[in-house]
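Working through the structure, step by step
Residue-level listing of the chains:
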Amino acid sequence: MESSFNIETAKWGEVKQLDHYDIALLPWGATEPHNGHLPYCTDVILSRDIALEAAEQVRAFGVNAMVLPGIPLGSQNPGQTGLPFCIHTRQETQKAVLEDIVSSLERAGIRRLLIVNGHGGNNFKGMIRDMAIARPDFLIMESEWFAFIPRKGYFEAEIDDHAGEQETSVMMHYHPELVRMEFAGEGRSRGFAPAGLNDKTAWAPRDWSRVSTDTGIGNPRASTPAKGAAYAEAVVARYVRLLRDVCQGDLY
Ligand SMILES: [Zn+2]
């Protein structure tokens, strides 16, 4: 039954042995450069690793979760999209993908979905509201694994946004073989000139070619596998708690 929570490797013989699945987890990332040292698909790789660990651990509490194949289709910023193989996915496309997945789950009797998002540019809330109104009996949740546990106490870098200490450390933990620190730039960045665009008075997408020289934002030099392991453990524990509470108790 080892792959009964990972659809990428699960067999029908394993899936049908379980009388039900409580929830599906959907890793969602992007395809974009991550400084010089991390893979393009880092966001979906890490979301998938975290989702698999949570799904495996929560089995001990009697919750059956299935991790769906990761979606590498992210929303990108101006200045990233001209870079080779950086794939920008429009909101309409992301919404269509999400709707097809939700419809398919629904037809199979599954009524809960958690998006495990690893890409800061993705924003599912509006889509989920639309779908929640159309499908009041289907719970769709989104989450950003990199954001709900504060970095302080785990990482040192002040600026740590994209391919920085946090993401690099977590990748070193799960896949050291995919990290090439000898190619890493310093991840130096600059903000907008108007203060209001930096202090969140207003928001506009940053032109990546103007704010970063090596596609990274945040210096990855202080990254270690141990930091990544400690952070991932805390993140997975929070997911396990969420999955238990949502699948085994009342929502309100
Ligand atoms: Zn990333």
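Residues numbered from 1 in each chain as written. Predicted model: local features only at pLDDT ≥ 70, side-chain atom pairs only at ≥ 80, totals over all residues. Heavy atoms only, no water.

**What about the overall build of the chain?**
Secondary structure assignment for the chain yields 8 helices and 6 strands. Order of helices (α) and strands (β) in the chain, N terminus to C terminus: α-β-α-β-α-β-α-β-β-α-α-α-β-α. In terms of overall dimensions, the chain is globule-like: its C-alpha atoms have a radius of gyration of 19 Å, near the 18 Å expected for 252 residues. Considered along the principal axes of its C-alpha atoms, the chain spans approximately 55 × 40 × 35 Å. Considering the chain as a whole, with its 252 residues, one finds that 48% of them fall into the buried category. Pairs at least 24 residues apart make up 79% of the contacts formed inside the chain by residues separated by at least 6 positions. Summed over all atoms, the accessible surface of the chain reaches about 12,700 Å², with 55% contributed by carbon and sulfur. Taking the average place of the 25 positive charges on the side chains of the chain and the average place of its 33 negative ones, the gap between the two points comes to 2 Å. (Helix = DSSP H or I, 4+ residues; strand = E, 2+ residues; numbered from the N terminus. Rg over C-alpha atoms; globule rule 2.2 N^0.38 Å. Buried < 20%, exposed > 50% of the residue type's maximum accessible area, 1.4 Å probe, protein only. Contact = heavy atoms within 4.5 Å. Areas by Shrake-Rupley, 256 points an atom, 1.4 Å probe, with all protein chains shown as cover. Lys, Arg positive; Asp, Glu negative; His and termini not counted. Charge placed at Lys NZ, Arg CZ, Asp CG, Glu CD.)

**Considering the pattern of salt bridges**
If the charged atoms of two oppositely charged side chains come close together, the side chains can form a pair. By the definition in use, this model includes 11 salt bridges. Glu142 is the partner of Lys125 in a salt bridge, and the nearest nitrogen-oxygen pair spans 3.9 Å. Taken together, the positions of Lys125 in helix H4 (residues 125-134) and Glu142 in strand S4 (residues 139-144) put the pair 17 residues apart, joining distant regions of the chain. You can call Lys125 partly exposed: its relative accessible area is 48%. The exposure class assigned to Glu142 is partly exposed, which follows from its relative accessible area of 23%. Between Glu186 and Arg188 there is a salt bridge, and its shortest N-O distance comes to 2.7 Å. The exposure class of Glu186 is partly exposed, given its relative accessible area of 42%. (Salt bridge = Lys/Arg side-chain N within 4 Å of Asp/Glu carboxyl O.)

**Side note on the side chain of Asp22**
Within the secondary structure, Asp22 is located in the loop between helix H1 (12-15) and strand S1 (23-28). For the buried residue Asp22, which engages in no salt bridge, the nearest side chain bearing the opposite charge is Arg112, 4.5 Å off. In terms of polar contacts, Asp22 uses its side chain to reach the side chain of His20, at 2.9 Å. Side-chain polar atoms of Asp22 contact the backbone nitrogen of Asn64, separated by 2.7 Å. (Polar contact = N/O pair within 3.5 Å; in protein donor to acceptor, adjacent residues only side chain to side chain.)

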